[in-house]
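A structural walkthrough
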Amino acid sequence: MDKFQSVRGFHDLMGDELRRFRYVSELIREKLLLYNFEEIVLPVVEYLEVFQRSIGETTDIVQKEMFAFQDRKGRWLALRPEGTAGAVRAYIQHSLYALKPYMKLFYEGPMFRYERPQAGRYRQFHQIGAEVFGSKDPLTDAELISLVYEILSELGIPVVIEINSIGCKICRPAYRSVLLEYLSHVERNLCEVCIDRKDRNPLRVLDCKVPACKEAVKEAPKMVDYLCEECREHYTRLKEYLSALSIPYRENPYLVRGLDYYTKTVFEAVSEELGITVIAGGRYDYLVEELGGPPTPAVGFAVGLERLSMLVKEVPAQEPLYFVIPFGPVEDFALWVAKRLRAEGKRVELSYRKGSLKKQLELANRLGVRYAVIVGEEEKAGSFYTLKDMETGEQVRVEITF
RNA sequence: GAGAGCGUAGCUCAGCUGGCAGAGCAGUGGACUGUGGAUCCACGGGUCGCGGGUUCGACUCCCGUCGCUCUCCCCA
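Heads up: these notes are all about the structure in this document.

Time to look at the pairing of strand S7 (residues 160–165). Among the six residues that make up S7, six are buried, leaving the element largely enclosed by the rest of the structure. What you see with S7 is no split at all: Val160, Glu162 and Asn164 on one side and Ile161, Ile163 and Ser165 on the other are buried throughout. Pairing between S7 and strand S9 (residues 263–271): six bridges, direction antiparallel. Within S9, the residue paired with Asn164 across the bridge is Val266.

Among the residues of helix H13 (residues 357–366), those classed as buried are Gln360, Leu361, Leu363 and Ala364. For H13, the angular spread of the buried residues around the axis is 155°, confining them to a single face. Turned more than 90 degrees from where H13 packs its buried face, Lys358, Lys359, Asn365 and Arg366 sit exposed. Summarising the contacts, the buried residues of H13 are in contact with strand S12 (321–326), strand S14 (371–375) and strand S15 (384–389). Just beyond H13, the residue with positive phi is Gly368, at close to 70°.

Direction vectors running N to C along helix H1 (residues 15–34) and helix H5 (residues 138–154) enclose 140°, while the axes themselves pass 10 Å from each other. Classified by the angle their axes make, H1 and H5 are oblique. The handedness of the crossing between H1 and H5 comes out as right-handed. Touching Tyr23, Leu27, Ile28, Lys31 and Leu32 of H1 are Leu147, Glu150, Ile151 and Glu154, all from H5.

Moving on: the protein's contact with RNA strand B. Not every one of the 48 residues close to RNA strand B is listed here, only the nearest: Arg113, Arg121, Arg257, Gly258 and Arg366. Within 4 Å of the protein, atoms of RNA strand B come from sugar and phosphate in 51% of cases. The contact in question runs from a sugar or linking oxygen of RNA strand B to an N or O atom on the side chain of Gln127, over 2.9 Å. Residue Thr277 places a main-chain N or O atom 3.2 Å away from a sugar or linking oxygen belonging to RNA strand B. Mapped onto the surface near RNA strand B, the elements with two or more residues apiece are strand S6 (124–133), strand S10 (276–283), strand S11 (298–304), H13, helix H14 (377–382) and S15. No other element matches the six residues that H13 contributes to the surface near RNA strand B. Residue composition of the surface near RNA strand B, by class: 14 nonpolar, 13 polar and 21 charged.

What counts, and at which threshold
- Residues numbered from 1 in each chain as written.
- Chains lettered and ligands numbered in written order.
- Predicted model: local features only at pLDDT ≥ 70, side-chain atom pairs only at ≥ 80, totals over all residues.
- Heavy atoms only, no water.
- Buried < 20%, exposed > 50% of the residue type's maximum accessible area, 1.4 Å probe, protein only.
- Helix = DSSP H or I, 4+ residues; strand = E, 2+ residues; numbered from the N terminus.
- Pairing = 2+ DSSP bridges.
- Arc of directions from axis to C-beta.
- Contact = heavy atoms within 4.5 Å.
- Axes fitted to C-alpha atoms, helices over the stretch in contact; angles between N-to-C directions.
- Parallel < 35°, antiparallel > 145°, perpendicular 65-115°, else oblique.
- Left-handed = near helix turned anticlockwise from the far one by under 90°.
- Near = heavy atom within 4 Å.
- Polar contact = N/O pair within 3.5 Å; in protein donor to acceptor, adjacent residues only side chain to side chain.
- Nonpolar A, V, L, I, M, F, W, Y, C, P; charged D, E, K, R; others polar.

Next comes the structure, spelled out in structure tokens:
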């Protein structure tokens, strides 16, 4: 009989992998709480349209990577491929803009994209995302990038922060036509995909990885040179703030995000070791309005937890384990001792097996025990236990006080 | 969507030119119910991913298929 297997791209998180994952996610959560972000638990399913309208009809995510399906009444739903769309939907649905002058939310949970699985990439993966609604000040962008940088520093993950500005409604159309004009001159050198996406979303051609395209856009006009007054000032101040915070960043004029909703600031934290982006984000000043809310500027970022965990070299050791060994007919006493040790805050395992003391200690070794707690008839009669350090072999008698 | 590599015991893997299915580790039991971290002995464990073909004979060769891993694209 064939064994069942998990669905392609969906995997079980456990053991050391899970310990790393939890270490990472807990560290990030703590950090977000320090920055006074408030958690929101969002549904995993939204109406398909929420994603189409926010991420963009022409993006790869929407065109070919969504788990979309119809419910029993024929409505189109989708498993969320990212968190921002849902966060914005919730922000509008609950009129959170009326609650506070600005709102800082974070969420954590599984995301779903129908992609070919590979190292650090799954069809179900996990993200923590943070969004600030209601502030157009570059101070916000700077603080968010600072938060990202702090997280990565504390995890000991070397990254480069890349930033760029992709302008706004005012300056991007002008730049777009300048860029289109340029691209039409070098079109014969572009890859097929780029020729195709040139008209749909010319900015994306800039960050194409195909060498020929990279070469072709080397002399391309840069968005940063075409920013309007407001965008230029925003970008300049952002850079000042980053310098003030001593955050090493690198300007990448070709940094363009794959989601349509971004405006002004975009940024990525890139691990140069693996050549992958671990945290990415940016500003999306029109999205709230586009999804039916009041005009509300916003910035956010998302971090891929599997990817980030993969880069973490060391996780803090677990609490030392105490192993209570009932030796002889003293199970009642052993149960009691185990409970008592746990009440003291210790991590305790009670041996569920019988056997000679030798066997029990062998068992202790295999379970990775730090302290063996031997309780036999002598111990029970005298109200004490024998504590043996499995690393040093030292053994002491510990009186139980009441 | 495109490409490459790999599927043999719970794990890591060997298996030659086609001829009885193997090892180490792990597991279980054992002179051993008051002292472990490489003592010894014994034992269990397999549809050789699946289907077909070639052959007297296939883990081995051929075709197909599924899965896993990795790369590109894309993305966190």
